[in-house]
Amino acid sequence: MKCYCYTMGDPSKLIVIALMALIAITTSVQPVHSANILGVFLSPSPSHLIVHMSIMKTLAEQGHNVTVVSGQKPKVTHEKIHNIIIEPSEEHQREMEQELSAMGVKKQNVVVMLMKFLMANNVLTQMQYDALRNERFQSIYESKFDLVILGYFVNNFKFIVPAKLNCPVIISWTGPPMEMVNGFVGVPPEMTYVPSTFTPHKNGELLSFGLRMFNTFTSYAMRLLVVIMDISLNSYYKTLAEGDPTIRSYSQMLANVSLVFCNSHFSEGPIRPLVPGLVEIGGIQIKEKPDPLPKKLEKFLNASNKNGAILFSLGSNMKGSNIQPATVQILFKVLSSLEQNVIWKWEDLAKTPGNASNIFYQKWLPQDDILAHPNLKLFITHAGKGGMVEATYHGVPMVAMPIFAEQPVNAAKIVSSGYGTQVDILNLKEDDFKAAILEVLNNPVYRDNVQKFAKLYRDRPLSARESVVYWVEYVLRHHGAAHMQSPLVRMNFIQSSGLDVLFAYFAILYALWRLAKLALAHLCELIRKVRGIFKSKREKSKKE
Ligand SMILES: *[C@@H]1O[C@H](CO)[C@@H](O)[C@H](O)[C@H]1NC(C)=O
Ligand SMILES: *[C@@H]1O[C@H](CO)[C@@H](O)[C@H](O)[C@H]1NC(C)=O
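In this text the structure is predicted, and so the values were computed from the model without any measurement.

Q: Is there a simple way to think about the overall build of the chain in this case?
A: On a plain count of helices and strands, the chain comes out with 20 helices and 13 strands. When burial is assessed residue by residue, the chain has 47% of its 544 residues classed as buried. Once local pairs closer than 6 in sequence are excluded, the contacts in the chain between residues at least 24 apart make up 66%. Split by element, the accessible area of the chain, about 28900 Å² in all, is 60% carbon and sulfur.

So, in structure tokens, the structure goes:
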């Protein structure tokens, strides 16, 4: 405003005015100043870390001062990110490995798996809790941070970090909106048409009566699970907060989450109502432009221009050694008999399943960049969320081999959406496996379906990266997003499901009914009395 005081006419003053105006413009348009942002990602799953780190990398590229604490060395990172790696104890790593190999051998019972989470007493939770108590973690509290981003994975005691640093918090969840994270920002549970995590469904189809019964049950069960889990997680939180009575309580922290980032996009379905605090950044881990491939891989893929190439990976959790040897032999027999070239993710290069001229073993693969290659014709996958999104983004059809967790649901989705077929890896038959591969390679319908979806998935007002930058800086600009919070967050179960109101109405109706009954009884009594009086009067007059 000051520049208006200058008298016009003097050219040197004009220049000053122009310069000041320029400064004013550039400062007003400038995004949030470089903020200190902390990411805490302690889930042992490498694929989770890839998603979280893709967010942090985007923020570092934007010029923010990013610090990340993780349980393993991140594969996605940025030169400017300060990485602090707190690895789980050897004992925990061994325990984790044992649980995973047990899963590769036999089907897991969903109920048993849930029970383990219920007590927050499994190795997954323990190793994350240990990291927070690690001496090296304490140095975090000496710095000042403007924002904390927490990776969600049954680890709500991590809220102690933003509580101690006294700054806003954003949750990053690697899947679509679900019961475990919806509560943070108050996404309404819509049990009659939004399928829960465990409800099989087909996009665009209404849930049948039976499925709605099942869906209501599983939705309530999941929400109950969250409540029960919170009891254990709260006690962990209290231990971590020990010695500091001024620190905000667990329930205060739960009700003060600024945003939840979900790695999903509505085009994947199912369609559901979302609140502004839930921001979908599906595909954040996918590079908009693929990186150049390692020389050997590039040569192998380029040489596959005649019959095409296949990528085979069971993800980052499942090692080749976790699969039964007989199954490995079937996999090898079928894959080595194909005309296509095959890139097989296999850890132990000294001990591969067998040599074949069309198979290229590799310990770690730049999966996203491989899927982007035009010669890639098929992805054989464990149907983890990450790989599935990458394949659909690049329009590559799939043969799914789900093992555990959300994979069977993803695989069912691949099949029902017409993006590919599914085989049972725990009971693999040579003929079935080969038939599934040939079907997807030779029938163009799968490729057409997945490429049609890829177009929808990429069509957005803001790309995943732009959404991350915009919304993180939004929270920074406004020091949290309390104004955006759904009232649902502060309501208990009875209030939010309207049970209290329903009860009150029933009580009123009941009272009215009783009153009406009482009034009627009195009325009848009155009529009888009046009649009696008239009758006796009539009789009297008759007598007279
Ligand atoms: C960046 O963050 C680190 C914490 O990891 C902190 O020590 C450092 O001072 C920050 N740099 C600036 C310029 O604020
Ligand atoms: C919610 O978080 C913001 C940002 O950290 C903080 O200023 C505010 O006091 C918190 N509110 C409650 C009720 O804890």
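Q: In this structure, what is going on with unusual backbone geometry? I would like to understand it.
A: Residue Pro 270 is reached from Gly 269 by a cis peptide bond, and omega for that bond is -10°. Its location among the elements puts Pro 270 in the loop between strand 6 (259-262) and strand 7 (278-280). Its identity as a non-glycine residue notwithstanding, Val 154 has a phi of 35°, on the positive side. Located in the positive-phi region is Ala 383, a residue other than glycine, with phi close to 65°. In this structure, Ala 383 sits in the loop between strand 11 (376-381) and helix 14 (385-394).

Q: Even after reading the chapter, I still don't get the site of ligand 1, so can you show me in this structure?
A: Inspection of the region around ligand 1 gives Asn 36, Asn 65, Thr 67, His 82 and Ser 143 as its neighbouring residues. Interatomic distance of 3.4 Å between a side-chain N/O atom of Asn 36 and an oxygen atom of ligand 1. Contact distances for ligand 1 include 2.7 Å between an oxygen atom and a side-chain N or O atom of Thr 67. With the chains in place, 45% of the 370 Å² that ligand 1 exposes on its own is no longer accessible. A per-class count over the shell around ligand 1 returns no nonpolar, 5 polar and no charged.

Q: Would you explain the side chain of Glu 280 in this entry?
A: Position of Glu 280 relative to the elements: it lies in strand 7. This buried residue, Glu 280, is left without a salt bridge; Arg 272 holds the nearest opposite charge, at 5.8 Å. Only 2.8 Å separates the side chain of Glu 280 from the side chain of Ser 264, close enough to count as a polar contact. Those residues in contact with Glu 280 that sit more than four places away from it in its chain are Pro 177, Cys 262, Ser 264, His 265, Phe 266, Leu 274 and Ser 467.

Q: Can you help me understand helix 12 (residues 325-336) in this one?
A: Side chains of residues three or four places apart in an α-helix project in the same direction, reflecting 3.6 residues per turn. Its 12 residues give helix 12 an end-to-end C-alpha distance of 16 Å, which sits within 8% of 16 Å, the value for a rise of 1.5 Å per residue. The elements touched by buried residues of helix 12 are strand 8 (309-313), strand 9 (341-345), strand 10 (359-362), strand 11 and helix 16 (430-442).

Q: Quick question: what am I supposed to make of the packing of helix 12 against helix 16 here?
A: Packed helix pairs are specified by the crossing angle of their axes together with the interaxial distance, meaning the distance between the axes. Running from amino to carboxyl end, helix 12 crosses helix 16 at an angle of 40°, the nearest separation of the two axes being 10 Å. Between helix 12 and helix 16, the crossing angle belongs to the class labelled oblique. Relative to helix 16, helix 12 is oriented so that their crossing is right-handed. Across the interface between the two elements, Ile 330, Leu 331, Lys 333, Val 334 and Leu 335 from helix 12 touch Glu 430, Phe 433, Lys 434 and Ile 437 from helix 16. When the residues that make up the contact of helix 12 with helix 16 are grouped by side-chain class, the tally is 6 nonpolar, no polar and 3 charged.

Q: Hey, could you run me through the sheet that holds strand 11 in this one?
A: Pairing in this open sheet of 6 strands is parallel, and the strands run 10-9-8-11-12-13 from one edge to the other. Edge positions in the open sheet fall to strand 10 and strand 13 (420-422), since each of these has one partner strand only. Averaged over all neighbouring strand pairs, the angle between strand axes comes to 15°, with direction disregarded. Alignment of strand 12 (residues 398-400) against strand 13, held across 3 bridges, turns out to be parallel. From the neighbouring strand, Val 399 faces strand 13, where its bridge partner is Thr 421. Taken strand by strand, helix 11 (residues 295-302) contacts strand 8, strand 9, strand 10 and strand 11, and its axis lies near 145° from that of strand 9. Helix 15 (residues 407-416) contacts strand 12 and strand 13 of the sheet and is inclined by roughly 135° relative to strand 13.

Q: Please clarify how the pattern of salt bridges should be interpreted in this entry.
A: Throughout the structure, instances matching the rule amount to 9 salt bridges. Linked by salt bridges that have partners in common, Lys 287, Asp 291 and Asp 369 make up one network.

Q: Help me out: how do you make sense of the nonpolar core in this one?
A: Proteins that are soluble and globular tend to have nonpolar side chains buried together. Residues Tyr 152 and Phe 159 are the most contacted members of the largest nonpolar core, which totals 55 residues. The leading source of residues in this core is helix 9 (residues 209-240), at 8 residues. Contact partners of Phe 159, with chain neighbours within four places excluded, come to Leu 150, Val 169, Ile 171, Phe 184, Tyr 237, Met 253, Leu 254 and Val 257. Judged by nonpolar contacts, the second largest core, of 31 residues, contains Ala 35, Ile 170, Trp 471 and Val 475.

Calculation notes
Residues numbered from 1 in each chain as written. Chains lettered and ligands numbered in written order. Predicted model: local features only at pLDDT ≥ 70, side-chain atom pairs only at ≥ 80, totals over all residues. Heavy atoms only, no water. Helix = DSSP H or I, 4+ residues; strand = E, 2+ residues; numbered from the N terminus. Buried < 20%, exposed > 50% of the residue type's maximum accessible area, 1.4 Å probe, protein only. Contact = heavy atoms within 4.5 Å. Areas by Shrake-Rupley, 256 points an atom, 1.4 Å probe, with all protein chains shown as cover. Near = heavy atom within 4 Å. Polar contact = N/O pair within 3.5 Å; in protein donor to acceptor, adjacent residues only side chain to side chain. Nonpolar A, V, L, I, M, F, W, Y, C, P; charged D, E, K, R; others polar. Lys, Arg positive; Asp, Glu negative; His and termini not counted. Salt bridge = Lys/Arg side-chain N within 4 Å of Asp/Glu carboxyl O. Expected span 1.5 Å × (residues − 1). Axes fitted to C-alpha atoms, helices over the stretch in contact; angles between N-to-C directions. Parallel < 35°, antiparallel > 145°, perpendicular 65-115°, else oblique. Left-handed = near helix turned anticlockwise from the far one by under 90°. Pairing = 2+ DSSP bridges. Core = buried A, V, L, I, M, F, W, Y, C linked by side-chain atoms within 4.5 Å.

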